[in-house]
Amino acid sequence: MATFLYKLGRLAFRRRHFVALLWVALLTLAGVGAASAPTAGSSSFSIPGTEAQKAFDLLDQRFPGTSADGATARVVFKAPDGEKISAAANKDTVEKAVADLSDGSEVASVADPFKAGAVSKDGTIGYASVRYDVSGMELADSSRDALETAAQDARDAGLTVEVGGDALQTTPETGATEVIGIAIAAVVLVITFGSLIAAGLPLLTAIVGVGIGVATITALASALDLGSTTSTLATMIGLAVGIDYALFIVSRYRAELAEGRGREEAAGRAVGTAGSAVVFAGLTVVIALVGLSVVNIPMLTKMGVAAAGTVAIAVLIALTMIPALLGYAGRRIGPTGQRSKLFGGGRVRSAERSAKPNMGTRWAAFVVRRPVAVLLLGVLGLGAAAVPAASLELGLPDDGSQPTSTTQRRAYDLLSEGFGAGFNGPLVVVVDAKGSDSPQAAFTRVGDDIKGLKDVVTVTPAAANKAGDTATITVVPDSKPSSASTEQLVHAIRDQGADITSATGAKVLVTGSTAMNIDVSQKLNDALIPYLILVVGLAFLLLIVVFRSILVPLKAALGFLLSVTAALGAVVAVFQWGWLSGLMGVEETGPVMSMMPIFMVGVVFGLAMDYEVFLVTRMREAYVHGEKPRQAVVTGFRHGARVVTAAAVIMMAVFAGFIGSSESMIKMIGFGLAIAVFFDAFVVRMAIVPAVLALLGRRAWWLPGWLDRLLPNVDVEGEGLRGLGDGGTDADEERALARA
């Protein structure tokens with residue numbers, strides 16, 4: 001592989017006009033496709049295999065035209081102090097709002113609070129239920145605007161009006177901190193390279209890669225039912241890996257220049273060596289993202305595949321566009337140790353300074369001298385950070401987890417005040433009596449049995465369809481939707497359903513947004529172990545091929561599990577316990593998003609392997625070329641520590657930029673990924689990895705002979721490049737550049 005990539009790098013360097021034109025053409029084509037594609041709403045949301053989804057599907061069949069999974073909104077009205085909502089003026093205002101809401105093209109029905117009995121016992125609060133024909137993720141902006149306009153008109157008339165429900169779902173805003181994250185990445189690159197041009201290349205190529213990826217997602221959004229949230233993950237991951245991969249290759253290019261090689265030769269060797277690491281690091285990220293399909297949640301699968309496609313683009317850009325741009329840069333990018341005029345007059349460091357060990361060398365030398373102490377300190381530190389993970393509570397966000405500044409949260413609180421906490425998460429019990437001899441008796445029994453359960457406040461009479469073989473019963477719990485008591489009630493109703501089926505032949509299904517959230521959480525929990533086995537297992541096999549070792553991939557996998565558990569502990573401490581919540585902008589603590597563990601495992605594993613591959617391949621390269629194991633560790637750090645440190649800081653900055661999002665889910669993902677990268681890069685890869693390799697010595701690179709013969713030789717360390725192109729000098733290639 002190293003030889004092939006070496007030739008590819010030299011070809012891209014020589015044919016830089018063609019390569020640059022090709023990528024510009026791809027960006028333009030993707031942009032035109034995105035601009036001309038039909039506008040797509042957010043992706044439809046379905047969870048195959050769950051009871052809640054089966055109930056939704058059954059309702060669509062037996063209650064045609066009711067849009068069982070359509071968006072809903074509750075417009076909550078509160079009378080001024082000392083007044084009743086039923087007072088003449090207040091009633092007229094509410095009825096006018098109901099009439100305005102009924103005019104929308106996507107509106108299926110609007111329930112007048114006075115006709116539907118949706119007024120609190122004290123007469124101060126009422127709500128109008130609005131049901132739409134499409135899901136909240138597919139709802140047009142005009143429908144949301146009409147909802148907000150009707151609410152504002154009622155406010156202007158003197159009522160307190162708030163709106164809740166999934167009809168207000170919108171694309172989350174990330175805020176200015178995302179731009180700050182990119183700015184921090186730029187500063188780190190400038191400090192790392194000491195050159196504005198060298199620092200600009202990774203940023204430019206990452207933006208081009210993300211631009212192509214996101215534009216392609218936008219162009220295909222309508223055809224493939226890709227939601228607006230699909231591009232968020234692609235942007236987050238694409239920026240991070242795009243900058244990192246380019247950083248790896250530009251750094252190796254400058255190191256090759258420092259060895260006295262010509263520019264084309266240096267570009268070829270940079271792509272042949274660092275590029276090999278980029279390919280395998282990218283493969284681990286792609287495996288982790290595509291592996292999200294194991295969960296069998298279509299929206300999550302699409303997000304993972306789209307992000308994986310953006311990563312693949314980042315790898316291709318690093319292997320081709322970077323060497324092409326290095327050809328354009330010419331002498332403006334110098335060897336390692338040379339600074340631009342802005343950072344030191346273009347002078348190369350003196351021999352005395354060049355011979356002085358850098359910080360990476362000094363740190364690695366310290367670790368290999370005291371490996372046991374460093375290993376224990378690293379493991380204990382991450383273990384302490386992981387302690388809060390033992391208290392992990394999972395759930396999906398609802399309006400109760402929104403900041404108090406939002407209308408959704410205020411509507412949630414008003415409904416709790418007027419009707420009880422459980423009113424915000426009613427359960428819909430679907431009774432399929434098609435196989436029952438007496439459907440009406442089955443409906444009655446289900447209602448009576450549910451009334452006898454704990455934590456039930458209200459059970460509405462069964463509402464049957466025209467055929468009389470299916471009915472819905474609404475159950476209002478006593479506890480809030482995200483509570484453990486409500487979850488227990490859902491399971492209790494389902495448990496009783498088995499007895500009802502055996503006695504009457506009728507099937508009982510529980511659905512609604514609350515039940516759907518519970519089912520999604522369970523589905524994600526059940527998929528975590530199979531996903532771990534698949535992703536870690538495939539990556540383990542891939543790393544065996546890369547490192548030709550059993551213990552090094554094993555150590556990489558165990559180190560990752562330690563860092564991701566510590567990161568989950570940090571997420572629990574901030575978002576569930578409330579530690580540093582003010583600093584992170586967390587207005588409301590609560591259960592950790594159910595998607596978070598499996599999402600962190602997927603994304604962080606792929607990114608963690610980036611550092612593992614880049615850092616340890618430098619060590620293996622030194623070992624293969626004759627250095628002793630401990631010296632190879634130090635050599636790997638001398639060449640790779642600065643780059644990996646810069647890459648980790650950049651990735652943390654990009655992820656941390658999403659902490660400023662208005663959406664709690666994006667905020668949690670940004671924090672979780674940023675802290676996971678910190679733990680993995682600076683504790684696991686920078687401390688635990690060299691300590692373990694120092695303790696293992698030659699055993700770290702042991703591979704059974706039979707397996708060694710079976711494995712393909714991918715030559716990541718560039719052994720096949722020895723003797724290739726060594727005759728080229730910088731002067732020779734300057735003449736070639738002049739001719740080009």
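Remember, it's a predicted structure, so these values are computed and weren't measured experimentally.

Rules of the game
- Residues numbered from 1 in each chain as written.
- Predicted model: local features only at pLDDT ≥ 70, side-chain atom pairs only at ≥ 80, totals over all residues.
- Heavy atoms only, no water.
- Helix = DSSP H or I, 4+ residues; strand = E, 2+ residues; numbered from the N terminus.
- Contact = heavy atoms within 4.5 Å.
- Phe/Tyr/Trp six-rings, centres within 6.5 Å; stacked < 30°, edge-to-face > 60°.
- Buried < 20%, exposed > 50% of the residue type's maximum accessible area, 1.4 Å probe, protein only.
- Lys NZ or Arg CZ within 6 Å of the ring centre and 35° of its normal.
- Patch = residues over 30% accessible without salt bridge, like charges linked within 9 Å, V, L, I, M, F, W, Y side chains within 5 Å.
- Areas by Shrake-Rupley, 256 points an atom, 1.4 Å probe, with all protein chains shown as cover.
- Salt bridge = Lys/Arg side-chain N within 4 Å of Asp/Glu carboxyl O.
- Axes fitted to C-alpha atoms, helices over the stretch in contact; angles between N-to-C directions.
- Left-handed = near helix turned anticlockwise from the far one by under 90°.
- Nonpolar A, V, L, I, M, F, W, Y, C, P; charged D, E, K, R; others polar.
- Pairing = 2+ DSSP bridges.

Some words on the environment of T218
Note on placement: T218 falls in helix 8 (residues 196-224). Residues T218 and A30, spaced 188 residues apart in sequence, show a C-alpha to C-alpha distance of 8.8 Å. Contact partners of T218, with chain neighbours within four places excluded, come to A34 and A37.

A look at the packing of aromatic side chains
Going through the model one piece at a time under the given rule, you end up with nine aromatic pairs. A centroid spacing of 5.1 Å and a plane angle of 65° characterise the contact between Y127 and F423, whose relative ring orientation is edge-to-face. Remark: F423 occurs in the loop between helix 15 (407-419) and strand 6 (427-432) and Y127 occurs in strand 3 (residues 125-132); sequence separation between them is 296 residues. Summarising the burial analysis for this pair, Y127 and F423 share the class buried. An aromatic cluster of at least three residues, connected via ring pairs, comprises Y127, F419 and F423. A cation over an aromatic ring shows up here: R16 above the ring of F13, its NZ or CZ 5.7 Å from the ring centre. Its guanidinium or amino end placed over the ring of Y328, R16 lies 6.0 Å from that ring's centre, counting from NZ or CZ.

Here we look at a nonpolar patch on the surface
On the surface, V294, L534, L538 and L541 cluster together into a nonpolar patch covering about 310 Å² of accessible area. As for its position among the elements, L538 is in helix 18 (residues 513-547).

A short note on the packing of helix 21 (residues 596-624) against helix 23 (residues 664-696)
Where helix 21 contacts helix 23, the axes come no closer than 9 Å and their chain directions differ by 35°. Viewed along their axes, helix 21 and helix 23 form a crossing whose handedness is right-handed. In this structure, helix 21 contributes M596, F599, M600, V603, V604, A608, M609, Y611, E612, L615, V616 and M619 to the contact, and helix 23 contributes M668, I669, G672, L673, A676, V677, D680, A681, R685, V689 and L693. Across the contact of helix 21 with helix 23, the residue classes break down as 19 nonpolar, one polar and three charged.

Side note on the pairing of strand 1 (residues 72-78)
Summarising burial for strand 1: five of the seven residues are buried, a large majority. In terms of strand pairing, strand 1 meets strand 3 through seven bridges, oriented antiparallel. Note that in strand 3 the partner of V75 across the bridge is A128. By the bridge criterion, five bridges tie strand 1 to strand 4 (residues 160-164) in an arrangement that is antiparallel.

Here's the deal with the packing of helix 14 (residues 371-386) against helix 23
Between helix 14 and helix 23, the least distance of the axes is 8 Å, while the angle of their chain directions is 145°. For the pair helix 14 and helix 23, the crossing hand works out as left-handed. On helix 23, the residues touching P371, V372, V374, L375, G378, V379, L382 and A385 of helix 14 are F679, V683, V684, A687, I688, A691, V692, A694 and L695. Considered class by class, the residues forming the contact of helix 14 with helix 23 number 16 nonpolar, one polar and no charged.

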